[in-house]
Amino acid sequence: MSGSANDNICTVMRLRRATRKATRLYDRHFADLGIGIAQYGIMQTIAHAERTSISDIADALDMERTTLTRNLKPLIASGLVAVGEGDNKRTRSVIVTDKGKKLLKRARTDWQQAQNNVRTEMGEADLRKLHKLLAKMLERLPNP
């Protein structure tokens, strides 16, 4: 049985290329803010959770704890995020500072412009299909 030419296309490579391209687009919109879309996403997740642990944030972002900790360092250094004691001595809680909240408020407009840019380039119907397919992929692929 012969396969089609599409059998040789690596899904993860296409996803990574698309992610890098989208990241560059969002980062251009955020250029004046001093953060990128990755930092914005982390800060938004923390802000929505209010006061939560590093483990909970890592789980919400489907990210390794050590990767999140590494990504938090510049946000902490710039005073946008703070880490303190958690519910017990083994956990640490993360919050967005007042400075971070002000930045998130300013960033919202830039984020919306980036979203609109993607929507314009992709078209509403294709973007909805993409979101549904990505949600299905996230739901179906196992966590190691």
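Residues numbered from 1 in each chain as written. Predicted model: local features only at pLDDT ≥ 70, side-chain atom pairs only at ≥ 80, totals over all residues. Heavy atoms only, no water.

Summing up its helical and strand segments, the protein chain has six helices and three strands in all. Counting all 144 residues of the protein chain, 25% fall into the buried class. Pairs at least 24 apart in sequence give 52% of the contacts found in the protein chain among residues at least 6 apart. Element-wise, carbon and sulfur atoms account for 51% of the exposed surface of the protein chain, whose accessible area totals about 10,800 Å². (Helix = DSSP H or I, 4+ residues; strand = E, 2+ residues; numbered from the N terminus. Buried < 20%, exposed > 50% of the residue type's maximum accessible area, 1.4 Å probe, protein only. Contact = heavy atoms within 4.5 Å. Areas by Shrake-Rupley, 256 points an atom, 1.4 Å probe, with all protein chains shown as cover.)

This part covers a positive patch on the surface. Together, Arg14, Arg16, Arg17, Arg20, Lys21, Arg24 and Arg28 make up a region of like positive charge exposed at the surface. As for its placement among the helices and strands, arginine 28 is situated in helix H1 (residues 11-29). (Patch = residues over 30% accessible without salt bridge, like charges linked within 9 Å, V, L, I, M, F, W, Y side chains within 5 Å. Salt bridge = Lys/Arg side-chain N within 4 Å of Asp/Glu carboxyl O. Lys, Arg positive; Asp, Glu negative; His and termini not counted. Charge placed at Lys NZ, Arg CZ, Asp CG, Glu CD.)

A separate point is the side chain of threonine 97. You can see threonine 97 is positioned in the loop between strand S3 (92-96) and helix H5 (98-122). A distance of 2.5 Å separates a polar side-chain atom of threonine 97 from the backbone oxygen of glycine 79. Setting aside chain neighbours within four positions, we find threonine 97 in contact with Gly79, Leu80, Val81 and Ala82. (Polar contact = N/O pair within 3.5 Å; in protein donor to acceptor, adjacent residues only side chain to side chain.)

As paired elements, strand S1 (residues 52-53) and S3 share two bridges and run antiparallel to each other. In the sheet register, threonine 52 faces S3, and the bridge partner there is valine 94. Bridge analysis of strand S2 (residues 81-85) against S3 gives five bridges, and the strand direction is antiparallel. Within the sheet, the bridge partner assigned to alanine 82 lies in S3 and is isoleucine 95. (Pairing = 2+ DSSP bridges.)

Once that is clear, we can look at the sheet that holds S1. Taken in spatial order, the three strands line up as S1-S3-S2 in an open sheet, and their pairing is antiparallel. Edge positions in the open sheet fall to S1 and S2, since each of these has one partner strand only.

Right, let's talk about the nonpolar core for a bit. In terms of nonpolar packing, the biggest core is built from 26 residues, with Ile35, Met43, Ile46, Leu72 and Leu75 touching the most fellow members. Counting residues per element, the ones that place at least two in this core are H1, helix H2 (37-49), helix H3 (54-61), helix H4 (65-77), S3 and H5. The contact partners of leucine 75, leaving out residues within four places of it in the chain, are Ile35, Gln39, Ile42, Met43, Leu80 and Val81. (Core = buried A, V, L, I, M, F, W, Y, C linked by side-chain atoms within 4.5 Å.)

A cluster of nonpolar side chains, namely Met122, Leu130 and Leu134, defines an oily patch on the protein surface of about 210 Å² accessible area. Its place among the elements puts methionine 122 in helix H5. The class for methionine 122 is partly exposed, based on a relative accessible area of 37%.

This part covers a negative patch on the surface. Judged by side-chain charge, Asp56, Asp59, Asp62 and Glu64 come together as a negatively charged surface patch. In this fold, aspartate 56 is placed in helix H3.

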